[in-house]
Amino acid sequence: MNTLSKSRELFKERARKALTKKSTYGPDIDLEPYIRKHLESSSLETLNIRDPKIQTRLESVGVDVSETGRSGSYYQVDWKIISYYSRIPGVKVLTLEDALENYWDVIKDYFWKAIPVDRDKYTATVELYGRGGYVILVDDGVKVENPIQTCLLMYTRNILQAPHNIIVLGDNAELHVITGCTFLKEPSGIHLSVSEFYVGKGSKLTFTMIHGWGLQQHIRPRTGVIVEDEGEFISHYIVLSPPGTLQTYPTVKLRGRDSKAYISSVSVGLNTSIMDIGAEIILEGRRSIGEIVSRSLGRDKSTITARSRIVGLGRESKGHIECMGLLLSDSAVIEAVPQLSAQTDDVELTHEASIGRIAEDEIYYLMSKGFTYEEAKSIIVRGFMSIEVKGIPKTLRNMIENVINIVSSKL
Amino acid sequence: MYALEVVDLTVSVSGKRILKNVSLNIKCGEVVLLLGPNGSGKSTLVQTIIGNPKYRVESGKIIFYGEDITKLPMEARVLKGISLAYQIPPKIRGVKVRDLIVHMLRKRGKTKNIVSELEEYASLLKVQHLLDREINVGFSGGEMKRVELLLTLMQKPKLALLDEVDSGVDVENIALMGKVINEHLVGSGASTLIITHTAQIAKYVKADKAYVMINGSIKCEGDAEKIVKTILQYGFEKCIKCLGWKL
């Protein structure tokens, strides 16, 4: 047995033991029916990714269907990999299977290293039943200007999609990744994903993720990030149309000195969706800086829990949490749970949190500038959802603005 | 021709009567001062003129260029050419000053020269550095007033209602705003109602007429210069006593 097989077997062994381990947060989902269906299903229906209806759906989650402004892409529908490529020398875009088989010597240092395989039943299921997932490897000193886009799409009814993604940036590298996840036909099924990101010394990774789901879907992404000296990780997550349930709690470990992380999220709760969206930054390195910003918008009978935690361990480290909620309905619930933990006397941790509804005075003010009540409300909602994410390319910023414009005009 | 006629207006807010039988008029192109101590109802009057739904007209009329607008919704009045610069505007998170102005003007069908006009007025009012900031978030008192005046100028109103443009503003900036009001608002032919309790702006803007509002009623009307002089010399209290007004 080679080292890959041996390692996989050890991971699978741990995963099997964790298959019934519930997640700390979020509603528990019975995975059994999805796994059963997954094992029974043989092949995906024929799917034309160039179908105009599908392309419109992809554009709604920020996908550049022309791919002209992209440095590479990865498409996966259900568990089937449709295409993947990189246009840039020094950057590899692979599937997980491909990477494990051909680049094990590299991957072994990153595979299940940022998240334990037995964290909960969702990570365990990804190891035992998952297929696909993108692996992006960026060599030292390579700075990629245009983003690489990755699309994880769900098509078949009640499908289990469980990819394992890995991004590794060498030293002094730079990469922007935009991920669009949505359903193409049936808004049902479960999306579990494991994402492990490694940001080398002096490197910068920006990760923009846009989700558009349906109420019969359950989403459990698991993300772990490790950042080395002077590295920087910027993440912006937008949930435009919510699933039935969603729970995520990415953990960023700022291991290196002078490393930085900025994590922002905008979530729109509609209907009866339940979302538990968190983030954690561990300030391990000296002078590391972390910031978590969240905007939760609750309509109808939706529930959003916005968790955020910053742990200060490294000397002279700094962290800040800003979580804001806007209620657009009497029946919606927003809960903000900011948490700060200082474990040395030399850290500076702060937070601000607020939840409220739209102030009438703001609406009347905008009406006094010539807008109707509805227009004024829409301007305020749009403003609330706009987070100025510094450090991401202008094209992505424009794309995010367009997406937010469309969503806010419908609220 | 009157730009604005307020006729016997009685207004309440949350069931409490604030204005009682207020009458006031502004001729086309006239600059009128509305003076009065804090809490006398001046802001209520301008909020009612612009049509803020919080302010309920119990009786009386508001006539704009001969048309009764008392029952028109707020945005319709604005589109007819009334503009209000707020005394204390709210913060609007995530909305940049520049974007609001562009949106506001496009809604009126204006698409040309927006950028050049905006840059010009912003430069005159020394607010270029605020154009890409969120509305009123972290602005000083003076910055808020200057941005409100910028919004008014960009609207090119027929009637500008300026609520306490001079309160909480340093002398240099009152002079600056006075100059801009003279040259670009009054100079463009707009009729202007300036609310002030300190009357500082009157040093820089020549008004044709003044009203004094006390306790929700107009108590005095006449030559702006004389009224301002009296108030600056004696204050409202003494004026009230001198004229035998009863609060």
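Criteria and thresholds
- Residues numbered from 1 in each chain as written.
- Chains lettered and ligands numbered in written order.
- Predicted model: local features only at pLDDT ≥ 70, side-chain atom pairs only at ≥ 80, totals over all residues.
- Heavy atoms only, no water.
- Domains from an automatic or database assignment.
- Contact = heavy atoms within 4.5 Å.
- Buried area = accessible area lost by both parts, 1.4 Å probe.
- Salt bridge = Lys/Arg side-chain N within 4 Å of Asp/Glu carboxyl O.
- Helix = DSSP H or I, 4+ residues; strand = E, 2+ residues; numbered from the N terminus.
- Polar contact = N/O pair within 3.5 Å; in protein donor to acceptor, adjacent residues only side chain to side chain.
- Core = buried A, V, L, I, M, F, W, Y, C linked by side-chain atoms within 4.5 Å.
- Buried < 20%, exposed > 50% of the residue type's maximum accessible area, 1.4 Å probe, protein only.
- Pairing = 2+ DSSP bridges.
- Axes fitted to C-alpha atoms, helices over the stretch in contact; angles between N-to-C directions.
- Parallel < 35°, antiparallel > 145°, perpendicular 65-115°, else oblique.
- Left-handed = near helix turned anticlockwise from the far one by under 90°.
- Nonpolar A, V, L, I, M, F, W, Y, C, P; charged D, E, K, R; others polar.

**Let's talk about the domain arrangement of chain A**
Residues and elements named next belong to chain A.
Part 1 of the argument: According to the domain assignment, chain A contains domain 1 (3-360) and domain 2 (361-411).
Part 2 of the argument: Facing the 33 residues of domain 1 at the interface are 24 residues of domain 2.
Part 3 of the argument: Between domain 1 and domain 2, roughly 2300 Å² of surface is buried when both sides are summed, and carbon and sulfur atoms account for 78% of that area.
Part 4 of the argument: The tally of links from domain 1 across to domain 2 stands at zero salt bridges.
Part 5 of the argument: At the level of secondary structure, the elements contributing two or more residues to the side of domain 1 that touches domain 2 comprise strand E8 (174-183), strand E10 (204-212), strand E12 (232-241), strand E15 (260-269), strand E18 (289-298) and strand E20 (318-327).

**Section: the interface of chain B and chain A**
Part 1 of the argument: Counting residues at the interface gives 28 residues for chain B and 20 residues for chain A.
Part 2 of the argument: Summing the contributions of chain B and of chain A, the shared interface buries around 2000 Å²; its carbon and sulfur component is 65%.
Part 3 of the argument: The partner of Lys369 of chain A in a salt bridge is Glu148 of chain B, with the nearest N and O atoms 3.2 Å apart.
Part 4 of the argument: Between chain B and chain A we count seven residue pairs in polar contact (both at pLDDT 80 or more) in total.

**A closer look at the nonpolar core**
Part 1 of the argument: The biggest cluster of nonpolar side chains holds 131 residues, and the ones touching the most others in it are Leu58, Leu366 and Met385 of chain A together with Leu35, Leu45, Leu150 and Leu162 of chain B.
Part 2 of the argument: The greatest single-element share of this core, amounting to seven residues, is contributed by helix H5 (residues 141-155) of chain B.
Part 3 of the argument: Three or more residues apiece are contributed to this core by two domains, here domain 1 (3-360) and domain 2 (361-411) of chain A.
Part 4 of the argument: Among residues more than four places away in sequence, those in contact with Leu162 of chain B are Ala85, Leu149, Thr152, Ile181, Leu185, Thr192, Leu193, Ile194 and Ile195 of chain B.
Part 5 of the argument: Counting 48 residues, the second largest nonpolar core, distinct from the first, contains Ile167, Phe233, Ile277 and Val347 of chain A.

**A word on the environment of Tyr211 of chain B**
Residues and elements named next belong to chain B.
Part 1 of the argument: Positionally, Tyr211 belongs in strand E11 (residues 209-214).
Part 2 of the argument: For Tyr211, a relative accessible area of 1% translates into the label buried.
Part 3 of the argument: Separated by 186 residues in sequence, Tyr211 and Asn25 place their C-alpha atoms 9.7 Å apart.
Part 4 of the argument: Discounting chain neighbours no more than four positions away, the residues touching Tyr211 are Ser23, Leu24, Asn25, Val32, Leu33, Leu34, Leu35, Ile218, Cys220 and Glu221.
Part 5 of the argument: A polar atom in the side chain of Tyr211 sits 2.9 Å from the backbone nitrogen of Asn25.

**A word on the environment of Glu230 of chain A**
Residues and elements named next belong to chain A.
Part 1 of the argument: Among the structural elements, Glu230 can be located in the loop between strand E11 (216-227) and E12.
Part 2 of the argument: Residue Glu230 is classed as partly exposed on the basis of its relative accessible area of 46%.
Part 3 of the argument: Spatially, the C-alpha atom of Glu230 lies 7.2 Å from that of Lys260, the residues being 30 residues apart in sequence.

**Some words on the sheet that holds strand E5 (residues 67-68) of chain B**
Strand pairing in a sheet relies on backbone hydrogen bonds, with the paired strands running either antiparallel or parallel.
Residue and element names in this part refer to chain B.
Part 1 of the argument: The strand order across the open sheet built from four strands is E2-E1-E4-E5, with neighbouring strands paired in antiparallel fashion. Only two strands of the sheet have a single neighbouring strand rather than two, namely strand E2 (16-27) and E5.
Part 2 of the argument: Pairing of strand E1 (residues 2-13) with strand E4 (residues 55-64) involves eight bridges; the strand directions are antiparallel. Across the sheet, residue Val13 finds its bridge partner in E4, namely Tyr55.
Part 3 of the argument: The strands that helix H1 (residues 42-50) touches are E1, E2 and E4; relative to E1, the one it contacts most, it runs at about 110°.

**What to know about the packing of helix H4 (residues 114-124) of chain B against H5 of chain B**
All names here are of chain B.
Part 1 of the argument: Two numbers describe how H4 lies on H5: the axes approach to 10 Å, and their chain directions differ by 140°. Here H4 is positioned oblique relative to H5, judged by the angle of their axes. Pair H4 / H5 crosses with right-handed handedness. Contact residues: H4 offers Ile114, Glu117, Leu118, Tyr121 and Ala122, while H5 offers Leu150, Leu153 and Met154.
Part 2 of the argument: Grouping the constituent residues of the contact of H4 with H5 by class yields seven nonpolar, no polar and one charged.

**Details of the sheet that holds strand E10 (residues 191-196) of chain B**
All names here are of chain B.
Part 1 of the argument: Strands sit in the order E6-E9-E10-E3-E11-E12 across an open sheet of six strands; the sheet is mixed. Each edge of the open sheet carries a strand with a single partner, namely strand E6 (82-85) and strand E12 (217-222). Shown here is a sheet whose adjacent strand axes are inclined to one another by a mean of 20°, direction ignored.
Part 2 of the argument: Where H5 meets the sheet, it contacts E6 and strand E9 (159-163), and its direction lies at approximately 170° from that of E6.

**As for the pairing of E11 of chain B**
All names here are of chain B.
Part 1 of the argument: In terms of burial, E11 is largely enclosed, as six of its six residues are buried.
Part 2 of the argument: Side chains Lys209, Tyr211 and Met213 project from E11 onto one buried face, and the interleaved Ala210, Val212 and Ile214 project onto a second face that is buried too.
Part 3 of the argument: Bridge count for strand E3 (residues 31-35) against E11 is four bridges, and the pairing is parallel. Of the residues in E11, the one forming a bridge with Leu34 is Tyr211.
Part 4 of the argument: Taken together, the five bridges between E11 and E12 define a ladder with antiparallel strand orientation. If you follow Met213 over to E12, its bridge partner there is Ile218.
Part 5 of the argument: A loop of two residues connects E11 with E12, the two strands running antiparallel in sequence, and Asn215 in this loop sits at a positive phi of about 50°.

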